[in-house]
Number of protein chains: 2
Amino acid sequence: MNQRNIISFETLRVACKNCSVGALCLPLGLEPEDIGRLENIVKRTRPLHRGDFLFRDGDRFRSLYVVKTGSVKSYAPSAEGGERVLGFHLPGEIIGLDAIDKDAHACSATALETSALCEIPFPRLEELSTVIPNLQRQMYRLLSKEIGNETEMLLLLGKKSAEERLATFVLNMSKRLQKRGLSPTDFHLSMSRHEIGNYLGLAVETVSRLFTRYQDDGLMVVDRKHIQLIDLDGLETLSNGSGPTRQQQRN
Amino acid sequence: MNQRNIISFETLRVACKNCSVGALCLPLGLEPEDIGRLENIVKRTRPLHRGDFLFRDGDRFRSLYVVKTGSVKSYAPSAEGGERVLGFHLPGEIIGLDAIDKDAHACSATALETSALCEIPFPRLEELSTVIPNLQRQMYRLLSKEIGNETEMLLLLGKKSAEERLATFVLNMSKRLQKRGLSPTDFHLSMSRHEIGNYLGLAVETVSRLFTRYQDDGLMVVDRKHIQLIDLDGLETLSNGSGPTRQQQRN
DNA sequence: ACTTTGACTTGATCCAGATCAAAGCTTGCC
DNA sequence: GGCAAGCTTTGATCTGGATCAAGTCAAAGT
């Protein structure tokens with residue numbers, strides 16, 4: 001009885017510790033005691049539904065957000081109503097790091113499907129990280145990793161062909177899902193072809209044609225948003241531009 | 001006499017405080033006393049000459065570097081000997097932030113001209129930033145700003161035309177030089193056309209043709225690596241893609 | 001069952017910018 | 001000075017992927 005009370009108390013209070021994505025998130029590398037301190041400043045947001053905004057371009061920066069379940073897309077609205085997709089965020093990934101410097105969001109973020117998120121008020125996180133060195137270290141790592149990810153994207157947009165881009169994208173999804181304990185070869189894409197194309201700097205039609213081609217070549221089976229990867233090695237080869245079609249850009 | 005001694009002592013010990021780029025660099029927002037503590041861990045490297053390496057792809061990550069004078073290019077060497085230019089670094093800019101996460105450099109950095117740099121051993125900086133909250137804050141800002149810069153580049157590579165890219169690049173240089181107290185309209189590019197093209201995802205020939213066109217259109221005067229901007233507004237318009245030639249990408 | 005709506009696919013055509021080719025310029029070195 | 005090696009420019013051609021233009025298909029309402 002006493003035992004049960006303790007358990008239910010723990011279940012209520014301890015969230016990060018039991019969170020399925022904790023190992024990918026902020027708590028990584030923290031002592032249990034420090035995770036407790038972190039939990040005290042983390043808030044749960046009410047679930048977002050498809051299309052709901054997490055924040056908008058120009059909003060004052062207050063908090064970082066972590067996807068708990070579902071997925072989020074961030075994008076820069078352009079003057080003429082167009083948009084430019086900057087990223088897709090899966091469970092465990094942190095959103096808003098780019099806003100720290102300017103104290104305002106430079107992009108918008110909306111849910112791609114029903115999603116749950118954690119909100120971490122940044123001033124409190126900053127404070128906490130001055131007294132928990134491991135948290136500071138983790139923050140540096142996360143910020144640095146984000147830079148690394150963007151550098152990867154620069155590589156992709158700067159010199160990869162359409163074929164390489166989409167293969168890279170699909171593999172990247174596969175790897176990120178795997179880290180979250182999901183199947184790396186059988187998954188659902190929560191974003192539209194249009195959004196994928198926009199993200200990769202390609203036209204929708206090109207994305208569509210490539211999915212068809214990959215399927216014809218036996219690399220994957222595509223059924224609308226459901227993807228089954230058949231030949232991971234083949235995709236890897238494609239994504240590195242060593243395919244037979246590949247011609248080296250002189251640059 | 002006593003006075004002179006103090007002065008020369010100060011001159012030796014105090015470096016950041018008198019540094020011409022201090023206001024753009026790590027000391028920004030620190031108390032004089034804390035700047036002193038920062039100076040204690042900063043080392044000066046021997047000057048690098050054109051082509052010298054600051055670090056190479058794969059090197060263990062030990063330090064961040066700040067350009068003091070000159071300029072540095074960072075790039076990702078690709079398997080087949082090609083390279084992909086990731087950035088050009090001017091005085092006051094910090095190099096190596098992307099390596100914190102993996103504890104290894106994922107790109108190489110070489111001097112574009114004779115350059116002086118400051119080396120900041122990261123473990124010591126990390127330590128120091130746990131006891132100087134303002135330093136921690138400045139680190140978060142710098143990392144975040146770097147993310148913002150890369151996002152800008154994603155925008156550029158993902159949806160801008162060649163014309164817009166080069167105009168954006170030239171204006172970006174202009175603004176960065178201005179922040180350093182140099183002329184925003186009359187400057188020297190330390191990198192080759194090839195490197196500019198590679199950085200912007202364009203062929204050398206395209207870069208060359210565009211410079212010629214800009215000059216013909218009276219936007220700037222180009223003499224080899226020496227650039228004089230004539231019509232900043234015109235360039236700004238071009239860089240935003242509102243030019244008459246511009247057609248909206250549907251994405 | 002029938003329309004509407006929006007996302008996706010497929011085919012035909014077009015074009016910005018890459019690639020190929022060939023000079024001009026600079027710079028450095030013997 | 002003169003020659004070689006790189007840069008840079010300029011012209012001609014080619015092509016990957018964008019655009020334009022019809023469909024096709026699935027889910028949701030009527």
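Just above sits the structure.
Worth saying up front: this structure is predicted, and the values here are computed from it rather than measured. (Residues numbered from 1 in each chain as written. Chains lettered and ligands numbered in written order. Predicted model: local features only at pLDDT ≥ 70, side-chain atom pairs only at ≥ 80, totals over all residues. Heavy atoms only, no water.)

Participant: Honestly, the sheet that holds strand S4 (residues 72-77) of chain B in this entry has me stumped. Any pointers?
Facilitator: Strand pairing in a sheet is mediated by backbone hydrogen bonds. Such pairs are either parallel or antiparallel. Residue and element names in this part refer to chain B. Pairing is antiparallel across the open sheet formed by four strands, whose spatial order is S2-S7-S4-S5. With one partner strand each, in any of the chains shown, strand S2 (53-55) and strand S5 (83-89) form the two edges of the open sheet. The average angle at which neighbouring strand axes cross in this sheet is 30 degrees, direction not considered. The sheet contact formed by S2 and strand S7 (residues 108-111) spans two bridges and is antiparallel. If you follow Phe55 over to S7, its bridge partner there is Ala109. Along the sheet, helix H6 (residues 193-200) makes contact with S4 and S5, crossing S5 at roughly 100 degrees. (Pairing = 2+ DSSP bridges. Helix = DSSP H or I, 4+ residues; strand = E, 2+ residues; numbered from the N terminus. Axes fitted to C-alpha atoms, helices over the stretch in contact; angles between N-to-C directions. Contact = heavy atoms within 4.5 Å.)

Participant: I would appreciate a short explanation of the environment of B:Ser78 in the present structure.
Facilitator: Counting through the fold element by element, B:Ser78 comes out in the loop between S4 and S5. Separated by 29 residues in sequence, B:Ser78 and B:Cys107 have C-alpha atoms that sit 9.8 Å apart. When neighbours within four sequence positions are excluded, B:Ser78 is seen to be in contact with A:Lys159 and B:Glu83.

Participant: What's the story with the pattern of salt bridges in this structure? I'm lost.
Facilitator: Two side chains that carry opposite charge are able to pair once their charged atoms sit near each other. A complete count under the given rule lists 20 salt bridges over all chains for this structure. Between A:Lys175 and A:Glu236 there is a salt bridge; the shortest N-O distance is 3.6 Å. Residue A:Lys175 is located in helix H5 (residues 162-179), and its partner A:Glu236 is located in helix H8 (residues 232-239); the two are separated by 61 residues in the primary sequence. The class for A:Lys175 is partly exposed, based on a relative accessible area of 44%. Judged by relative accessible area, which is 31%, A:Glu236 ranks as partly exposed. Residue B:Glu93 pairs with B:Arg180 through a salt bridge whose shortest N-O separation is 3.2 Å. Of this pair, B:Glu93 sits in the loop between S5 and strand S6 (94-95) while B:Arg180 sits in the loop between helix H5 (162-179) and strand S9 (186-188), and the two are 87 residues apart along the sequence. (Salt bridge = Lys/Arg side-chain N within 4 Å of Asp/Glu carboxyl O. Buried < 20%, exposed > 50% of the residue type's maximum accessible area, 1.4 Å probe, protein only.)

Participant: Whenever I open this one, the sheet that holds strand S1 (residues 43-44) of chain B confuses me. Can you help?
Facilitator: With respect to topology, four strands assemble into an open sheet ordered S1-S8-S3-S6 (chain B), the strand pairing being antiparallel. Each of the sheet's edge strands pairs with one partner strand only, and the pair in question is S1 and S6 of chain B.

Participant: Is there a simple way to explain unusual backbone geometry in this structure?
Facilitator: Trans peptide bonds make up the majority, and among non-glycine residues the majority have a negative phi. Although it is not a glycine, A:Arg224 sits at a positive phi angle of roughly 55 degrees. Within the secondary structure layout, A:Arg224 lies in the loop between strand S10 (220-223) and strand S11 (226-229). For B:Asp103, which is not glycine, the phi dihedral falls at a positive 65 degrees. Structurally, the position occupied by B:Asp103 is in the loop between S6 and S7. Of the residues examined, B:Asp103 reaches a relative accessible area of 34% and is grouped as partly exposed.

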